[in-house]
Amino acid sequence: MIISSTTDYRAAAQKRLPPFLFHYIDGGAYAEKTLGRNVSDLADVALRQRVLKDMSKLDTSIELFGEKLALPVALSPVGLTGMYARRGEVQAAMAADKKGIPFTLSTVSVCPIEEVAPKIKRPMWFQLYVLKDRGFMKNALERAQAAGVSTLVFTVDMPVPGARYRDAHSGMSGPNAAMRRYLQAVTHPHWALDVGLMGRPHTLGNISTYLGKNVSLEDYMGYLGANFDPSISWSDLEWIRDFWKGPMVIKGILDPEDAKDAVRFGADGIIVSNHGGRQLDGVLSSARALPAIADAVKGQIKILADSGIRNGLDIVRMLALGADCTMIGRAFIYALAADGGAGVSNLLDLLEKEMRVAMTLTSVKNVSEITGNLLVKEG
Ligand SMILES: Cc1cc2nc3c(=O)[nH]c(=O)nc-3n(C[C@H](O)[C@H](O)[C@H](O)COP(=O)(O)O)c2cc1C
């Protein structure tokens, strides 16, 4: 199979994965309108082509939270990554490390913090959800600190799980789910051998370590429903801000007023995100939400953005709309599912090449020159 883009990796991932996993990754909430607009609104952003400015030397690196990033990109936290490839969190983290960008481990990863952090040279980022069990949160923060995690990503757009219709149909949840997943696994032998057999244990590593007993995939959807905390508010985050010594980034901001609250709260960064269209369908795409947020808080707090980035040109577009750094979710997960760590490495190389093309043809020599000036002003 010829691989030249995220689209190709998506097709390869669909072939390799049992449908319940492919649709869990690929799907969004309700009618998936926001999921679609994340991609199409970004693709519609027109940039000014500028030429003949000697673009032989480009610098794609940035400094963020005291770290040097080879690209203005970090890997977004993605739950169950170890189900898409054998010990998938380790493979993705190593690929990100090789490229010189951060990997963010999800709370609901298969591999626990202690398995991933020692495998990479640069400090890992860790994403925390608000769970009813505050004991778990404290334990996870202590373990993250002990493992040398640099940046805490605190996700706030999942006080309740979104309604994802595909999951009920695919076997991720719904009637006879376990039997349906088993049948899908045996008809996808590459995955069954690589992940199903060799990639064990299939547990939520961070939570199992805390509870001292395995929380399996079987329990996953129930666990999310039972443990996410809809009562959360800014004041609940204060002890975390006081406890956590490193940078703290709030993920899931889509409104300028919430962005201002994050500044008042004392966060180091925000991630403009709608969770990849997986939570509330119909909310703005990140590309459309970002300019107003940048108007409100740019310069006061670091602005990261994800949801909809599929290529290197999209990265430049997101920066031109006001982000200081971008993050990618599905793009790296499709590559990981298709070809493990090698797939993620190749995808990151593709993104860099495409970014360089976009920088050359918009005549910007470094990332700080990617501003609203690059945007074609309509009318
Ligand atoms: C399969 C899947 C699982 C995810 N799990 C998490 C998670 O555990 N924590 C989190 O903060 N975000 C999670 N997200 C959201 C991503 O971090 C990110 O915001 C989103 O994927 C960005 O959109 P994109 O996929 O269009 O790049 C998940 C996304 C996907 C696709």
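Residues numbered from 1 in each chain as written. Predicted model: local features only at pLDDT ≥ 70, side-chain atom pairs only at ≥ 80, totals over all residues. Heavy atoms only, no water.

**Things to note about a positive patch on the surface**
Basically, it comes down to this: Candidate patch residues must exceed 30% relative accessible area and have no salt bridge, after which like charges are joined if within 9 Å and Val, Leu, Ile, Met, Phe, Trp or Tyr side chains if within 5 Å. For the area figures, the Shrake-Rupley method with a 1.4 Å probe applies, and any residue is considered shielded solely by the protein chains shown. The rule for a salt bridge is simple: a side-chain nitrogen of Lys or Arg has to be within 4 Å of a carboxyl oxygen of Asp or Glu. Counted as positive: Lys and Arg. Counted as negative: Asp and Glu. His and the chain ends are not counted at all. Positions of charges follow a simple convention, taking NZ of Lys, CZ of Arg, CG of Asp or CD of Glu. Numbering of helices and strands starts at the N terminus; helices are DSSP runs of H or I of at least 4 residues and strands are runs of E of at least 2.
A cluster of like positive charges, contributed by Arg48, Arg50, Lys53, Lys365 and Lys377, occupies part of the molecular surface. On the secondary structure map, Arg50 appears in the loop between helix H3 (33-43) and strand E1 (62-64).

**Points about a nonpolar patch on the surface**
Residues Val51, Leu52, Val357 and Leu361 make up a contiguous nonpolar surface patch of about 420 Å² in total accessible area. The topology assignment puts Val51 in the loop between H3 and E1.

**Digging into the site of the ligand**
Applicable threshold: Only a single heavy atom is needed: when it lies within 4 Å of a molecule or strand, its residue is near that molecule or strand. Each polar contact in these results corresponds to two N or O atoms within 3.5 Å; when the atoms are within protein, one needs to be able to donate a hydrogen and the other to accept it, and residues that are neighboring in sequence are counted only if both atoms are side-chain atoms. Gly is put with the polar residues, along with every residue not named as nonpolar or charged; the nonpolar set is Ala, Val, Leu, Ile, Met, Phe, Trp, Tyr, Cys and Pro, and the charged set is Asp, Glu, Lys and Arg.
Around the ligand, the structure places 23 residues, and the nearest of them are Pro77, Ser106, Tyr129, Thr155 and Asp306. Separating an oxygen atom of the ligand from a backbone N or O atom of Pro77 is a distance of 2.7 Å. When the free accessible area of the ligand is taken as 600 Å², the share hidden by the protein chains comes to 99%. Elements represented by at least two residues in the shell around the ligand include exactly helix H2 (19-26) and strand E5 (125-129). Among the residues making up the shell around the ligand, the classes are represented as 7 nonpolar, 11 polar and 5 charged.

**Examining the UniProt feature "binding site: glyoxylate" (unreviewed entry) in the chain**
Basically, it comes down to this: UniProt positions are given in the numbering used here, feature names are shortened, and annotations may be inferred rather than shown by experiment. Type-normalised accessible area, obtained with a 1.4 Å probe on protein chains alone, sets the label of each residue: buried when under 20%, exposed when over 50%, and partly exposed for intermediate values. Contact definition: two residues touch when any of their heavy atoms are within 4.5 Å.
UniProt records the feature "binding site: glyoxylate" (unreviewed entry) for Tyr24, Tyr129, Arg164, His275 and Arg278 in the present numbering. Position of Tyr24 among the secondary structure elements: in helix H2. By relative accessible area, Tyr24 is classed as buried at 6%. For Tyr24, the residues in contact, after removing those within four places along its chain, are Leu80, Tyr84, Arg164, Asp167, Met172, Tyr220 and Arg278. With residues near it in sequence (within four places) discarded, Arg164 still touches Tyr24, Gly28, Ala29, Met158, His275, Arg278 and Gln279.

**So, the pairing of strand E6 (residues 151-155)**
Threshold: Strand pairing requires that DSSP identify at least two bridges connecting the strands. A clockwise path from the first strand over the helix to the second, with the strands pointing away from the viewer, defines a right-handed crossover.
Burial runs high along E6: 5 of the 5 residues are buried. Residues Thr151, Val153 and Thr155 of E6 are buried on one face, and the alternating residues Leu152 and Phe154, pointing to the opposite face, are buried as well. Of the pairings in the sheet, the one linking E5 to E6 comprises 5 bridges and is parallel in character. Across the sheet, the residue bridging to Gln127 is Val153, located in E6. Note that the unit made of E5, helix H6 (residues 134-146) and E6 has a crossover that is right-handed. Pairing analysis gives 4 bridges linking E6 to strand E7 (residues 248-253), with the strands arranged parallel. Note on E7: the bridge partner recorded for Thr155 is Lys251.

**Comments concerning unusual backbone geometry**
Going from Arg200 to Pro201, the amide bond is cis rather than trans, its omega being 5°. With respect to the helices, strands and loops of the structure, Pro201 is situated in the loop between helix H9 (189-197) and helix H10 (205-211). Positioned with a positive phi, Phe65 is a non-glycine residue whose angle comes to about 50°. Structurally, Phe65 can be placed in the loop between E1 and strand E2 (67-69).

**So, helix H1 (residues 6-16)**
Using the following cut-off: By definition, the arc is the one covered by directions from the helix axis to the C-beta atoms.
Listed in full, the buried residues belonging to H1 are Thr6, Asp8, Tyr9, Ala12 and Ala13. For H1, the angular spread of the buried residues around the axis is 150°, confining them to a single face. In H1, the exposed residues that point more than 90 degrees away from the buried face are Thr7 and Lys15.

**Topic: the environment of Phe22**
Here Phe22 lies in helix H2. Sequence-wise, Phe22 and Ala337 are 315 residues apart; in three dimensions their C-alpha atoms are separated by 8.9 Å. Excluding residues within four positions of it along the chain, Phe22 makes contact with Arg10, Ala13, Gln14, Leu17 and Tyr334.

**Brief notes about the nonpolar core**
Where we set the bar: Take the buried residues of types Ala, Val, Leu, Ile, Met, Phe, Trp, Tyr and Cys, join any two whose side-chain atoms come within 4.5 Å, and each joined set is a nonpolar core.
Core analysis: the biggest nonpolar cluster contains 126 residues, and Leu75, Tyr84, Phe154 and Ile270 have the highest contact counts within it. A total of 15 residues in this core trace back to one element, the largest contributor, which is helix H16 (residues 330-362). If we skip the residues at most four places from it in the chain, Ile270 touches Val249, Ile250, Ile253, Ala259, Ala262, Ile293, Val297, Ile301, Lys302, Ile303 and Leu304.

**Focus on the sheet that holds E6**
As a reminder, the rule being used: With axes taken as lines fitted to C-alpha atoms, and helix axes fitted only over the stretch in contact, angles between N-to-C directions fall between 0 and 180 degrees.
The parallel open sheet is built from 8 strands, whose spatial order is E3-E10-E9-E8-E7-E6-E5-E4. Two strands lie at the open edges of the sheet, namely strand E3 (73-75) and strand E4 (104-105), each paired on one side alone. Against the sheet, H16 touches E3 and strand E10 (325-328), its axis set at about 150° to E10.

**Brief notes about the packing of H1 against H16**
This is how the line gets drawn: For classification purposes, an angle smaller than 35 degrees is called roughly parallel, one larger than 145 roughly antiparallel, one from 65 to 115 roughly perpendicular, and anything else oblique. A clockwise turn of the near helix away from the far one marks a right-handed crossing, whereas an anticlockwise turn of less than a right angle marks a left-handed crossing.
It is at 7 Å that the axes of H1 and H16 come closest, and there the two elements cross at 115°. Classified by the angle their axes make, H1 and H16 are roughly perpendicular. Along this stretch, H1 crosses H16, giving a crossing that reads as right-handed. Along the contact surface, H1 presents Thr6, Tyr9, Arg10, Ala12, Ala13 and Arg16, while H16 presents Ala331, Tyr334, Ala335, Ala337, Ala338, Gly343, Asn346 and Leu347. Partitioned by chemical class, the residues of the contact of H1 with H16 number 9 nonpolar, 3 polar and 2 charged.

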